[in-house]
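Okay, here's what each chain looks like letter by letter:
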Amino acid sequence: MPSFKIDTSTAVVFVATAPVPKVVNKQTGERAVDRETGAGLSTVGLLISDEGEGNLYQVTVPETGIPEGLTPGMPVTVVGLKARDWENEFNGQKRHGISFRAASVVTVV
């Protein structure tokens, strides 16, 4: 599926929730990994505010792109943010949505 770049150059971005490992199977605890690099993936909540509107996004980031000590309230910059739509069927029910992925999150000094 195609993905779309999101321009955050004029946005103010804060960490809303600390990174947590992304799990693909809750029963086994298997962690999600990047298919290209094999790096473990984490999800971080980001508050992105631009043009008078703020939204909370759960963004998937490789663990190699998350700095140590990232905590809620910290101002950050998001590198390579993309959105992709998804759809699946589970137990006969169709689900769909938009997922967000970034190459890295960088703290602002």
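Along every chain, residues carry numbers that run from 1 in the direction the sequence is written. Local features in this predicted model are restricted to residues whose pLDDT is 70 or higher, and side-chain atom pairs enter the listing and the counts only when it is 80 or higher, whereas totals over whole chains, interfaces and linings include all residues. Remark: hydrogens and water are excluded; side-chain values derive from all non-hydrogen atoms of the structure.

Trainee: Help me understand the pattern of salt bridges in this model?
Mentor: Salt bridge, as applied in this entry: a Lys or Arg side-chain nitrogen positioned within 4 Å of an Asp or Glu carboxyl oxygen. Summed over the entire model, instances satisfying the criterion amount to two salt bridges. Ionic pairing is found between arginine 31 and glutamate 63, a salt bridge with its closest N-O pair at 3.1 Å. Of this pair, arginine 31 sits in strand β4 (residues 30-31) while glutamate 63 sits in the loop between β6 (53-62) and β7 (75-79), and the two are 32 residues apart along the sequence. We classify arginine 31 as partly exposed; its relative accessible area is 31%. By relative accessible area, glutamate 63 is classed as partly exposed at 41%. The helix count covers DSSP runs of H or I at least four residues long, the strand count covers runs of E at least two residues long, and both are numbered beginning at the N terminus. Only protein chains enter the calculation, and the probe is 1.4 Å; a residue is then buried if its accessible area is under 20% of its type maximum, exposed if over 50%, and partly exposed in between.

Trainee: How should the pairing of β7 be read in this particular structure?
Mentor: When a strand is regular, its side chains alternate between the sheet's two faces. Residues of β7 alternate between two faces, with Val76 and Val78 buried on one and Pro75, Thr77 and Val79 left unburied on the opposite face. Examined bridge by bridge, strand β2 (residues 12-21) and β7 share two bridges and lie antiparallel to one another. Within β7, the position partnered with phenylalanine 14 by the bridge is proline 75. Taken together, the four bridges between β7 and strand β10 (residues 104-107) define a ladder with antiparallel strand orientation. Note that in β10 the partner of valine 79 across the bridge is serine 104. Strand pairing is assigned whenever DSSP identifies at least 2 bridges connecting the two strands.

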